[in-house]
Amino acid sequence: MSAAYEDRLRAFVGREIHPLRPGQDPVNVPMIRHWVEAMEDDNPIYLDEEAARATGRDGVVAPASMAQAWVMRGYAATAAAKVGGGPADELTDLLAEGGYTSVVATDSEFEFHRELVPGDHVAAREVVESISPEKATALGAGRFITSLRTYHDQDGEVVAVQRWRILRFRPKAKPQEPQEPAERSEADAAERPEERAPRPQPAINRDNAFWFEAARERRLLIQRCAACRTLRHPPGPCCPECGSFEWDTVRASGDAHVYSFVVNHHPRHPAFDYPLIVAVVELAEGTRLITNLAGVTPEEVEIGMPVVLDWVDAGPESSLPVFRPVAQEGHW
């Protein structure tokens, strides 16, 4: 990139791209209820006044992680046509000018100053903290954009600070594929079957490496706390129930049922067949797993449908669990 382009990018560092703007609704119990039900967070201080007061609070409080939810504009406001462009749009246009047209969120760090309570009205402003030099990433050449969002209450007091980082990247060009003849004979097709693109590989770290190693051997493991014996998935370093760092594993039976599912049509990846069924299955042991459903059409899938473990080769040294339906006397 030219020096002039770099200077234009650097000019955004320290610049406010979203002025202080209040959320559409104050902190309220119905939204808190929806949130904790979706997150399966049964901490009573969020909905039970008596339980909250027993902890020394004046009443119920909102989960800290809801801070961003209070300033989200909702679908109608987001989809509405914009009149004029602000600094955020200017930065987006400048990045697109450099070819950085794709975006992926990378991480979010929160610092909470106080708990929010029903009646608080949250507002937020956002300032660009840094724009990295161009980096080579697996997705393509890109730049990490870090911004600082400050959340205020109705009195102007800072209640939370969020450092939000995204990667704006230039998608890698697809390799040029050799031209095939317009038609192939059956003999040609048999001799040269079309190869499927490799599946995206999972991100493996110290906490989940044991799980993927077992999957390569086609064993589905569930992490278990060695102290309180609670099963948990996805794998993690610490038991969410008792806080113990000691753990072992149990092998899943492979029996499960569909807890929820979505049918994915876009965006398409050449490693998969579409429509693609992505499901949350609940194992017989009680933990849940995000997986694909195989051997069934979207129209046939039902919540509660019994399924059984199967495996798919996801690469030369990688196998991943999928689940197939269990037929029960003509119905799922």
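Below is a short write-up of the structure. Just so it is clear, the structure is predicted and the values come from calculations on it, not from any experiment.

How each quantity is defined
- Residues numbered from 1 in each chain as written.
- Predicted model: local features only at pLDDT ≥ 70, side-chain atom pairs only at ≥ 80, totals over all residues.
- Heavy atoms only, no water.
- Helix = DSSP H or I, 4+ residues; strand = E, 2+ residues; numbered from the N terminus.
- Buried < 20%, exposed > 50% of the residue type's maximum accessible area, 1.4 Å probe, protein only.
- Areas by Shrake-Rupley, 256 points an atom, 1.4 Å probe, with all protein chains shown as cover.
- Polar contact = N/O pair within 3.5 Å; in protein donor to acceptor, adjacent residues only side chain to side chain.
- Contact = heavy atoms within 4.5 Å.
- Core = buried A, V, L, I, M, F, W, Y, C linked by side-chain atoms within 4.5 Å.
- Salt bridge = Lys/Arg side-chain N within 4 Å of Asp/Glu carboxyl O.
- Phe/Tyr/Trp six-rings, centres within 6.5 Å; stacked < 30°, edge-to-face > 60°.
- 1 Å grid on protein atoms, 1.4 Å probe; cavity = no way out; pocket = protein on both sides within 12 Å on 5 of 7 lines; lining within 4 Å.
- Points joined across faces, edges and corners; volume = space filled by probe spheres on them.
- Nonpolar A, V, L, I, M, F, W, Y, C, P; charged D, E, K, R; others polar.

Overview of the overall build of the chain
Along its length, the chain carries seven helices and 14 strands. Out of the 332 residues belonging to the chain, those deemed buried represent 33%. For the chain, the exposed area adds up to about 20,300 Å²; of that, 53% sits on carbon and sulfur atoms.

Overview of the side chain of Arg149
Looking at the secondary structure, you find Arg149 in strand S5 (residues 141-152). Residue Arg149 is classed as buried on the basis of its relative accessible area of 17%. Within the structure, Arg149 has its side chain in polar contact with the side chain of Glu126 (distance 3.2 Å). When near neighbours in sequence (up to four residues on either side) are disregarded, Arg149 contacts Gln68, Arg125, Glu126, Ala160, Val161, Gln162 and Trp164.

So, the nonpolar core
Grouped together as the largest cluster of nonpolar side chains are 26 residues, with contacts concentrated most on Leu220, Val281, Leu283, Leu293, Val307 and Phe323. Within the residue set of this core, elements represented by two or more residues are helix H7 (209-216), strand S7 (221-225), strand S10 (255-264), strand S11 (276-283), strand S13 (306-315) and strand S14 (318-325). In terms of residues, this core owes the most to one element, H7, which gives five residues. Discounting chain neighbours no more than four positions away, the residues touching Val281 are Ala256, His257, Val258, Tyr259, Thr287, Arg288, Leu289, Thr291, Leu293, Val307 and Phe323.

Here's the deal with the pattern of salt bridges
The tally for this structure, following the rule as stated, stands at 22 salt bridges. Between Arg288 and Glu40 there is a salt bridge; the shortest N-O distance is 2.7 Å. Remark: Glu40 occurs in the loop between helix H2 (29-39) and helix H3 (49-54) and Arg288 occurs in strand S12 (residues 288-292); sequence separation between them is 248 residues. Residue Arg288 is classed as partly exposed on the basis of its relative accessible area, which comes to 27%. Taking the relative accessible area as the measure of exposure, Glu40 reaches 49% and is therefore partly exposed. Because the salt bridges share partners, they merge into one network encompassing Arg114, Asp120, Asp153 and Glu157.

Details of the packing of aromatic side chains
To describe a pair of aromatic rings, one takes the distance between the centres and the angle between the planes. Scanning all chains against the criterion turns up four aromatic pairs. Judged by centre distance (4.7 Å) and plane angle (40°), the ring pair of Phe210 and Trp247 falls under tilted. Of this pair, Phe210 sits in helix H7 while Trp247 sits in strand S9 (residues 247-251); the two residues are 37 residues apart in sequence, bridging distant segments of the chain. Overall, Phe210 belongs to the buried group, its relative accessible area being 14%.

A word on the layout of surface pockets
Approximately 1,300 Å³ is the volume found for the largest pocket. In terms of lining residues, the largest pocket is bounded by 37 residues, among which His233, Pro234, Arg288, Leu289 and Ile290 are the most central. For the lining of the largest pocket, the elements supplying multiple residues, two or more each, are H2, H7, strand S8 (231-232), S11, S12 and S14. The dominant element in the lining of the largest pocket, judged by the number of residues it contributes, is S12, at five residues. Residue composition of the lining of the largest pocket, grouped by class: 21 nonpolar, nine polar and seven charged.

Some details on the environment of Thr150
Positionally, Thr150 belongs in strand S5. You can call Thr150 buried: its relative accessible area is 15%. Separated by 26 residues in the primary sequence, Thr150 and Ala124 place their C-alpha atoms 5.5 Å from one another. Sequence-distant contacts of Thr150, defined by excluding residues within four places in its chain, comprise Ala123, Ala124, Arg125, Val158, Ala160 and Val161.

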